Amino acid sequence: MIEPSKPQRIEPEPPEPKPKEVAPTAKQRAAEEALMASMSAESKADIDKDQHSLVARYAGMISQQMQQRWQLPPSARRDMVCLVKIRLSISGRVVAVTLASSSGSDAFDQSSLLAVKKAGDFRFIKNLPAAVFDQHFREFVFRFSAEDLRL
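Summary of the structure given here. All of these numbers come straight from a predicted model, not from anything done at the bench.

## Structural notes on the overall build of the protein chain
Next, step 1: The helix and strand tally for the protein chain stands at three helices and three strands.
Next, step 2: Mapped from its N terminus to its C terminus, the protein chain presents α and β elements in the order α-β-β-α-α-β.
Next, step 3: Considering only contacts in the protein chain between residues 6 or more positions apart, those separated by 24 or more positions represent 76%.
Next, step 4: Of the roughly 11500 Å² that the protein chain leaves accessible, carbon and sulfur atoms contribute 54%.

## Structural notes on helix H3 (residues 130-137)
Next, step 1: Within the span of H3, buried status applies to Val132, Phe133 and Phe137. In a view along the axis of H3, the buried residues occupy a sector of 100°, so they form one face of it. Away from its buried face by more than 90 degrees, H3 exposes Ala131 and Gln135.

## Observations regarding the nonpolar core
Next, step 1: Judged by nonpolar contacts, the single largest core of 30 residues is most densely connected at Ile62, Met66, Ile86, Phe122, Ile125, Phe137 and Phe144.
Next, step 2: Secondary structure elements with two or more residues in this core: helix H1 (26-69), strand S1 (81-88), strand S2 (94-101), helix H2 (106-119), H3 and strand S3 (139-145).
Next, step 3: When sequence neighbours within four positions are dropped, the list of residues in contact with Ile86 reads Met66, Val94, Ala96, Val97, Val116, Arg138, Glu139, Phe140 and Phe142.

## Structural notes on the environment of Phe108
Next, step 1: For Phe108, the position within the fold is in helix H2.
Next, step 2: A residue is classified by how much of its surface remains accessible, and Phe108, at 0% relative accessible area, is buried.
Next, step 3: Separated by 34 residues in the primary sequence, Phe108 and Pro74 have C-alpha atoms spaced 9.0 Å apart.
Next, step 4: Beyond its immediate stretch of four places on either side in the chain, Phe108 contacts Trp70, Leu72, Pro73, Ala76, Met80, Val81, Cys82, Ser103, Phe144, Ser145 and Ala146.

## Here we look at the pattern of salt bridges
Next, step 1: The final tally for this structure, using the stated rule, is five salt bridges.
Next, step 2: With its nearest N and O atoms 3.4 Å apart, the salt bridge here joins Arg87 to Glu139. Remark: Glu139 occurs in strand S3 and Arg87 occurs in strand S1; sequence separation between them is 52 residues.
Next, step 3: Accessibility expressed as a relative area gives 40% for Glu139, which makes it partly exposed.
Next, step 4: Arg138 is the partner of Asp134 in a salt bridge, and the nearest nitrogen-oxygen pair spans 2.7 Å.
Next, step 5: For Asp134, a relative accessible area of 41% corresponds to the partly exposed category.
Next, step 6: In this structure, a network of salt bridges that share partners links the residues Lys85, Arg87 and Glu139.

## Thoughts on H2
Next, step 1: Over its 14 residues, H2 extends 20 Å from the first C-alpha to the last, a length consistent with the 20 Å expected when each residue adds 1.5 Å.
Next, step 2: Among all positions of H2, only Phe108, Asp109, Ser111, Ser112, Leu113, Ala115, Val116 and Ala119 are buried.
Next, step 3: Two residues or fewer after H2 comes Gly120, characterised by a positive phi angle close to 55°.

## Details of the packing of aromatic side chains
Next, step 1: As enumerated under the stated definition, the model contains six aromatic pairs in all.
Next, step 2: Measuring from centroid to centroid gives 6.0 Å for Phe137 and Phe140, while their planes differ by 75°, and the two rings are edge-to-face. Like Phe140, Phe137 is buried.
Next, step 3: Aromatic pair Phe142 and Phe144: ring centres 4.9 Å apart, planes at 65°, arrangement edge-to-face.
Next, step 4: Taking the relative accessible area as the measure of exposure, Phe142 reaches 12% and is therefore buried.

So, how was this worked out
Residues numbered from 1 in each chain as written. Predicted model: local features only at pLDDT ≥ 70, side-chain atom pairs only at ≥ 80, totals over all residues. Heavy atoms only, no water. Helix = DSSP H or I, 4+ residues; strand = E, 2+ residues; numbered from the N terminus. Contact = heavy atoms within 4.5 Å. Areas by Shrake-Rupley, 256 points an atom, 1.4 Å probe, with all protein chains shown as cover. Buried < 20%, exposed > 50% of the residue type's maximum accessible area, 1.4 Å probe, protein only. Arc of directions from axis to C-beta. Core = buried A, V, L, I, M, F, W, Y, C linked by side-chain atoms within 4.5 Å. Salt bridge = Lys/Arg side-chain N within 4 Å of Asp/Glu carboxyl O. Expected span 1.5 Å × (residues − 1). Phe/Tyr/Trp six-rings, centres within 6.5 Å; stacked < 30°, edge-to-face > 60°.

In structure tokens form, the structure reads like this:
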């Protein structure tokens, strides 16, 4: 007769010892920090370059819209320049426009202010990230120069 076999007891294997953590040396820490700093600087430079390109593109669109609406007065001379301070809402609507620096000609200054009022709405601005809008376009000074247009 065959006797039932006794269940064999399986002993669990002892866990493998964990490797001891070795603290990085001061030299290794300094090298890691330098690498992180250089990566951050490169990333920041990329972001700055991208933001600068974005700001330039939107400034160009604003300039184009202004020039399309600006009519120089007959008394304008090539050396005339005035600066106009413009405040926009987040939707791109002009909420305030003031003369920041006169050209010396009331007709020239008024034609510049009127160009901004005619433009009235820069709807494309709402596509900008809020931080870029706040930093560069919430309030800015626009330069009207007669030499930029044909006389």
